[in-house]
Amino acid sequence: MFSSSNLFFFLSRSVDKSIIIWDSISGVPLHTLVQHKRYVTACAFARDLPLIATGSMDKTVNIWRIGLKNTSDDHLATKLRHSVQHWSEDEVCSWLSAEDLQELVVIFKSNNIDGQELLNLTEKNLMSDLKIESLGLRNKTMRKIEELKSKIESTCVGIPDEFLCPIARDIMTDPVIASDGYSYEREAIENWINTKKRTSPMTNMPLESTLITPNRTLKMAIDRWIDAQQVLQMTTHQK
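Computed from a predicted structure; not experimentally measured.

So, the sheet that holds strand E9 (residues 183-185)
Stage number 1. Pairing in this open sheet of three strands is antiparallel, and the strands run E9-E8-E10 from one edge to the other. Edge positions in the sheet fall to E9 and strand E10 (213-214), since each has one partner strand and no second.
Stage number 2. Of the strand pairs in this sheet, strand E8 (residues 175-177) and E9 are connected by three bridges, and their pairing is antiparallel. Looking across to E9, one finds that Ile-177 is bridged to Ser-183.
Stage number 3. Across the sheet, helix H7 (residues 186-195) is in contact with E8, E9 and E10; its angle to E9 comes to roughly 95°.

Structure, rendered in structure tokens:
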């Protein structure tokens, strides 16, 4: 086990050839590094640089950079805090501006394009419904949307399962505990109770009560994990 004195995480190595980065406060695993082909024998933090070095019996040393997030990484953090499909129209417009698509802001705003609509857009929609005549602009827009979808998929990989709402399967922003003892996103479980039979989404047994209580411990763990993802942008270099 190796820890950093100026960062809130520590490393552990394993015989499965991986290194795991842990949140030192919550004990939650933040990232698993799996570049080595044989047992990892050494890990070290750089004293004054945002770097981690790992050595292995495969005779390689990997240097992992702990970098600050860039502009595009802001959208990854936003995805973690608030699923893209739940973006408001204003959040979609902010995304367009960040992706150098400012000329589409007025068009998207006037057509009430929110996050769900954004993810469902096709080139035909852009041409026929939104009346975007420029082929180059349509292609650029679709490319940015596909990149966003790819980021969503890659971000979802590695999210601890206990951070995902069992109903919506999105990372929770307002977790609550229901009477069945399980945690859910507040909006999801409230909708479940209001529109379904009052049974547990997990056990299908009747709920003893419709009372829900905030799960502050889980929310703190999720927030710490999200903050760590914003700064733990890993790049590896083989030596």
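Quick notes on the environment of Thr-210
Stage number 1. Within the fold, Thr-210 resides in the loop between H7 and E10.
Stage number 2. For Thr-210, a relative accessible area of 36% translates into the label partly exposed.
Stage number 3. Along the sequence, Thr-210 and Glu-190 sit 20 residues apart, while their C-alpha atoms lie 8.7 Å from each other.
Stage number 4. Aside from chain neighbours lying at most four places away, what touches Thr-210 is Ile-193 and Arg-198.

Details of the side chain of Lys-144
Stage number 1. Along the polypeptide, Lys-144 turns up in helix H6 (residues 135-156).
Stage number 2. For Lys-144, a relative accessible area of 18% corresponds to the buried category.

Criteria and thresholds
- Think of each chain on its own: its residues are numbered from 1, step by step along the sequence as written.
- Only residues with pLDDT of 70 or above have their local features reported here, since the model is predicted, and side-chain atom pairs are shown and tallied only from 80 upward, although totals for entire chains, interfaces and linings are computed over all residues.
- Only hydrogens and water are set aside; all other atoms, that is, all heavy atoms of the structure, feed into the side-chain values.
- Strand pairing requires that DSSP identify at least two bridges connecting the strands.
- Counting from the N terminus, the helices are DSSP H or I runs at least four residues long and the strands are E runs at least two residues long.
- Contact between two residues is taken to exist if any of their heavy atoms lie within 4.5 Å; hydrogens are not considered.
- The angle between two axes is taken between their N-to-C directions and runs from 0 to 180 degrees, where each axis is a line fitted to C-alpha atoms and a helix contributes only its stretch in contact.
- The buried label goes to any residue with under 20% of its type's maximum accessible area, the exposed label to any with over 50%, and the partly exposed label to all in between, with areas taken from a 1.4 Å probe on protein chains only.

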